[in-house]
Each structure stands twice: as C-alpha cells, then as structure tokens.
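Report on the structure
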Amino acid sequence: MKFDIREAASERVILCAHRGVWGGNIPCNNLLAYDIALAQGADMVEIDVTMAGDGELFIFHPHMERRHIGKDVHLEEMTTEEIRKLRYCNYDGAETEIGLNTLDELLEHLKGRCFINVDKFGDHPAEIIEKIKRHDMKDQIILKCSPKPEQLDIIETYAPDIQFLPVISKDGGVHEMMKTRNINYIGSELLFKTMDDELASAEYREKLHKDGKLCWVNTIVYSYKAVLSAFHSDDTALAGDPEYGWGWCANNFDILQTDWIGPLSSYLEKTGRRFKK
C-alpha cells in the first residue's frame, strides 16, 4: 500500500473502519477487530486513545468503561498492570478473553498495513506523537479534531507534518483559514444534517477538490439524534437502500467511515465504484 492519502484516494474510495469490525463476541478497539476490518477491505482504521494513570496509552474510547468492560472503573486512575488484567465484554455484556492493547502494540501490529485515523488526538498530543515518531509511522497517520484555535495550535506545535483533517459542520471561513496554518491540511470531515446544508453541496466539495483537499463523510450512526450525513448511512443501506446509503457517498466523497466495512466494500465492488482506475 502507498501511504500517500491523496494518491491512494485518486485510485480508490478510501474506506475507514470505525473502531475496527466488531459485534457478537468481538469487541471494538482491539487488534482482532482491526485485523478483521483489513481482511474485509478497510484501507484505514479509526482508533481511540486513553491514558492510564501511570502515563501508558491504551486503545480505548475515553469514559466508556462501563459499556465496554462492564465495570465502574476509570482507566485514567489505574496502572498499566491493573489495566492488563481487564477484559472486554461482548455484545451481550459477557466477558471475553480479549484484553486492552497499548498504542505501542497497535502501531507495531499495523505498521506498513493501513492508514490509521487517531481520534481525539488533542487529549494527549505530545505523548501520541512521540510514539508515532518512535515507530516511524507518520505517513500512515491521519489526525482529526475540531478546528478550534487551541486545537490547531496543538497540531502546529506537535504534528505540523502529519496529515490532518478538521471536523466541521459549517465552513465559516475554516477552509481559507486552514490554508494559512503551519499544518499538513489534507481535507475536511464534513458533517451535514440535510441535503440543503452547505457542506452537502457539490459546490463545496468542488471548492475543496480544486484546492487539492479530500472530502470525508461518515456513514456511521452514533445515534438517530445525531445526523452526520443527511441519512446517507449504514442504517439506510442495510435497511434496503444501499444506493442512497452508500452509493451517493462513494460517488461524491473520497473517504467513507463505516461500521460495516464488509458489506460496504462488497457493494462498491459489485457496482464498480471501489476503484477509480
């Protein structure tokens, strides 16, 4: 795989697996979930990072211990030794044999295999970037966060050369401002509730593409109350309308983040839209 996101996106629709592939007895955010995602066609995996009380970085969504571990514990208050004894729960809440992985373990496991989207980067920027550089994996990393000035200052300070996308629900001058920052600005994650929103328009995507930027869309559904892409979603696709759910996104965006990598990849291949060349 070529770890130049723009070049890769010119060849195919980039598919990002949200927390890997998980369900049944396979929990999210662990090496097995990411291996399954790659086997099903993912080009990129999204990871969450939480810091233990003694400074070690673990792959885990912050503040979701009760949901994913089934215990009222807080990783940020625990030692690495204590966290190593924890086990993920499966979909039904039963304990599995799968433990939590460190960021070091994940980086080494995925080195040379795929792009990696580090979510919530701004929580521990110096520590995360130190590990990325130590593993010599800067070209595989995609950072995302809101374009708040304090967040962008962190990017400029710790990771000006690492590929970055701001997450936006309206432009408000963000695109032009981003071009002035000392940041490796490669595109934007676009959030829109309806097709009338500016960020859903062909004109806005064309503006970004004209400047050599990529457009990221989410087909994942966090909650029916949090509409991310005007219902062009995994739910819509799997409920019987894959053209509206996935086809429109593949026709118009460079990167799709999904919870259903296998079915999405198969659909795009079946309809001739997985590859552009």
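Residues numbered from 1 in each chain as written. Predicted model: local features only at pLDDT ≥ 70, side-chain atom pairs only at ≥ 80, totals over all residues. Heavy atoms only, no water.

Description of empty space enclosed by the protein
A probe as big as a water molecule, rolled over the atoms, marks out the empty space that is left. Put simply, the rule is: Think of a 1 Å grid over the protein atoms and nothing else: a 1.4 Å probe that fits but is trapped marks a cavity, an open set flanked by protein within 12 Å on at least five of seven lines marks a pocket, and residues with an atom within 4 Å of a point count as lining. Grid points are joined across faces, edges and corners, and a volume is the space filled by probe spheres set on the points. Amino acids are sorted into nonpolar (Ala, Val, Leu, Ile, Met, Phe, Trp, Tyr, Cys and Pro), charged (Asp, Glu, Lys and Arg) and polar (every other residue, Gly among them).
Going through the model one piece at a time under the given rule, you end up with one cavity of 30 Å³ or more. Taken as a whole, the largest cavity holds about 100 Å³ of empty space. The residue makeup of the lining of the largest cavity, split by class, is seven nonpolar, four polar and one charged.

Here's the deal with helix α6 (residues 125–134)
The cut-off we apply is this: For each residue, the accessible area found with a 1.4 Å probe, counting protein chains only, is set against the maximum for its type, and the residue is called buried under 20%, exposed over 50%, and partly exposed in between. Under the scheme used here, helices are H or I runs from DSSP no shorter than 4 residues and strands are E runs no shorter than 2 residues, and both carry numbers assigned from the N terminus. Along the arc lie the directions from the helix axis toward the C-beta atoms. The contact definition used throughout considers only heavy atoms, calling two residues in contact when any of these lie within 4.5 Å.
Residues of α6 that are buried include every one of Pro125, Ile128, Ile129, Lys131 and Ile132, and no others. For α6, the arc enclosing every buried residue in end-on projection is 160 degrees, short of the 170-degree limit, so these residues lie on one face. Those residues of α6 that are buried lie in contact with β3 (49–51), β4 (57–59), α5 (103–110), β5 (115–118), β6 (141–145) and α7 (149–158). Asp136 occupies a position one or two residues after α6 and carries a positive phi of about 55 degrees.

Some details on the state of the cysteines
Selection criterion: When two cysteine sulfur atoms lie within 2.5 Å, the pair is treated as a disulfide.
Tallied over the full model, the rule gives zero disulfides. For Cys28, which is in no disulfide, the shortest distance to another cysteine sulfur is to Cys89 and amounts to 11 Å. Its relative accessible area of 3% is what places Cys28 among the buried residues.

Looking at the environment of Glu127
Within the secondary structure, Glu127 sits in helix α6. Separated by 31 residues in the primary sequence, Glu127 and Tyr158 place their C-alpha atoms 9.5 Å from one another. Here Glu127 is in contact with Met51 and Leu57, once residues within four sequence places are set aside.

Description of the pairing of strand β9 (residues 187–190)
Across a regular strand the side chains alternate sides, sitting on one face of the sheet and then on the other. Selection rule: Strands were regarded as paired on the criterion that DSSP finds at least two bridges between them. With its strands directed away from the observer, a crossover is right-handed exactly when the path from the first strand over the helix to the second travels clockwise.
With burial as the criterion, each face of β9 is covered, one bearing Gly187 and Glu189 and the other bearing Ser188 and Leu190. The sheet contact formed by strand β7 (residues 163–168) and β9 spans two bridges and is parallel. The residue of β9 that forms the bridge with Val167 is Glu189. Each parallel crossover has a hand, and the one from β9 via helix α9 (residues 202–210) to strand β10 (residues 214–218) is right-handed.

Remarks on the environment of Pro147
Looking at the secondary structure, you find Pro147 in the loop between β6 and α7. Each C-alpha atom of the pair Pro147 and Val174 lies 7.4 Å from the other, and the pair is 27 residues apart in sequence. What Pro147 contacts, discounting residues up to four positions off in sequence, is Leu152, Pro166, Val167, Ile168, Val174 and Met177.

Regarding the layout of surface pockets
Its volume calculated, the largest pocket comes out at about 400 Å³. Lining the largest pocket are 19 residues, with Trp22, Tyr91, Val221, Asp259 and Trp260 sitting closest to its centre. Broken down by secondary-structure element, the contributors of at least two residues to the lining of the largest pocket are α10 (234–238) and α12 (261–270). With three residues, the single largest contributor to the lining of the largest pocket is α12. Lining the second largest pocket are 16 residues, with Asp119, Lys120, Lys144, Glu189 and Tyr222 sitting closest to its centre.

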